[in-house]
Amino acid sequence: MELRTMRYFLAVAREENMTRAAQLLHVTQPTLSKQLKALEDELGKKLFTRHSFSIQLTEEGVLLRKRAEDLIKIADKITTEFLALDDVLGGDVYFGLAESYQIRCLAATIRRFKESYPDLHYHITSGDTEQVTEKLDKGIIDFAVLAQEPNTAKYHYLTFPHADLWGVVMPENCPLAEKEAICVDDLFGLPLFCSEQGWSNDISKWCGNSMDKLHLEGSFRLSYNGSLFVKEGLGYLLTFEHLIDTNPESGLVFRPLTPKLETKIYLIWKKYQIFTPIAERLLEKLKSELLE
C-alpha cells in the first residue's frame, strides 16, 4: 500500500467520478482503475459501488477515506517538517483549538511572534477534546488547546491565565432572563443545548444528583450553532461566557450559573515531541508571554 495509491483513492472519493479524478491526477483512466482494483484486492474489500456516471463509497470505503486522509496529512507534515529543519526563521505550526474567549490571547502572542518571524505559517483546526487530542496523538498537529484537564502521563501543558465562566444563553424576553444568575432548579424540564463534553463533565459535576432532572434537547460542538436554535426559541444554551454575541441588538442574554462554574483552559503538546525550530521558538514565546 503506497501513499500514491492513497492519493489516487482520495481523488476518486472526492470527485465521485473516475474520469474527472484521472484528469486531476494527470493519469489515464485505465491506470487509475487498475490501481484502485489492486487496492481493493490487497484489502480484500470492495471500496466503491460503480454506477453509470458516478462512483459511491461503500462502508469500507468511507472507513478507508478517513484513514487515508490522516495518512496523507501526516506524510505531508513530515515532508514539511524536514524541509523546515534548516529554516530557523520560518515554517509551519499546527494547532487544534477548543472554543474559548482566551484563544484571543494565543492569537495576540502569534501576532507578536510573526513580527519577528514573518515566515511563520500557522494552521488552525477546531474541535472538542476528543477531536484535537486524536490529531495530536497522530502527529497531525503540534499543539492542542483543551477545555479539560490534560493527561499528564502523555502531555506537557501550560495553563491559560484565566478560567472560562459557564452560564446560560437565552432570549432576552424570556422570564428566566430576569434573574441575575441561574441555579440548577431553574433548568428543570427546560430544553437545553450543550456540547457533549461539557454536558458529561462540567454540567454533571455542577448539578450533582439533579442531573436526571435536566433535559438535553440537542448537542453542538460549536456554540454559535447552538445559539441559532436559541434564537428560534427552541431551548437554552449552556456555554462559556463571551462565545456568543449578547449585545442589546442580538436579542440574547447571558446569565452565569450559580454556584459559579468555571473551566480552566490548557495548551498541551506530546511528551518527547521533537519540534521544528520555528515551533520550538513559538513555544518559548508562549511560555514567556501568554501562560502561567
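Everything numeric in this text was worked out from a predicted model, so none of it was measured.

Most of strand S9 (residues 236–240) sits out of view: five of its five residues are buried. Bridge count for strand S6 (residues 155–171) against S9 is four bridges, and the pairing is antiparallel. In the strand pairing of S9, Val 169 is matched with Leu 237.

Of all hydrophobic cores here, the largest spans 47 residues; its most connected members are Met 170, Leu 187, Ile 203, Leu 238 and Leu 257. Aside from chain neighbours lying at most four places away, what touches Leu 187 is Val 168, Leu 176, Ile 182, Leu 192, Trp 206, Leu 214 and Leu 238.

What follows covers the packing of helix H1 (residues 3–15) against helix H3 (residues 29–43). One way to put it is that H1 packs onto H3 with a least axis distance of 10 Å and a crossing angle of 105°. With respect to H3, the element H1 is oriented roughly perpendicular. Across the interface between the two elements, Arg 4, Thr 5, Met 6, Tyr 8, Phe 9 and Val 12 of H1 pack against Leu 32, Gln 35, Leu 36 and Leu 39 of H3. Class assignment for the residues of the contact of H1 with H3 results in seven nonpolar, two polar and one charged.

This paragraph deals with the layout of surface pockets. Where empty space is left becomes clear once a probe the size of a water molecule has been rolled over the atoms. Computed from the structure, the largest pocket encloses a volume of approximately 340 Å³. Mapped onto the lining of the largest pocket, the elements with two or more residues apiece are helix H6 (129–138), helix H7 (196–207) and S9. Broken down by element, the lining of the largest pocket gets its largest block of residues, four residues, from S9. Looking at side-chain class alone, the lining of the largest pocket contains 11 nonpolar, nine polar and four charged residues. When its volume is computed, the second largest pocket comes out at roughly 230 Å³. What lines the second largest pocket is Ala 147, Gln 148, Glu 149, Asn 201, Asp 202, Lys 205, Leu 261, Glu 262, Thr 263, Lys 264 and Tyr 266.

Rules behind the numbers
- Residues numbered from 1 in each chain as written.
- Predicted model: local features only at pLDDT ≥ 70, side-chain atom pairs only at ≥ 80, totals over all residues.
- Heavy atoms only, no water.
- Buried < 20%, exposed > 50% of the residue type's maximum accessible area, 1.4 Å probe, protein only.
- Helix = DSSP H or I, 4+ residues; strand = E, 2+ residues; numbered from the N terminus.
- Pairing = 2+ DSSP bridges.
- Core = buried A, V, L, I, M, F, W, Y, C linked by side-chain atoms within 4.5 Å.
- Contact = heavy atoms within 4.5 Å.
- Axes fitted to C-alpha atoms, helices over the stretch in contact; angles between N-to-C directions.
- Parallel < 35°, antiparallel > 145°, perpendicular 65-115°, else oblique.
- Nonpolar A, V, L, I, M, F, W, Y, C, P; charged D, E, K, R; others polar.
- 1 Å grid on protein atoms, 1.4 Å probe; cavity = no way out; pocket = protein on both sides within 12 Å on 5 of 7 lines; lining within 4 Å.
- Points joined across faces, edges and corners; volume = space filled by probe spheres on them.

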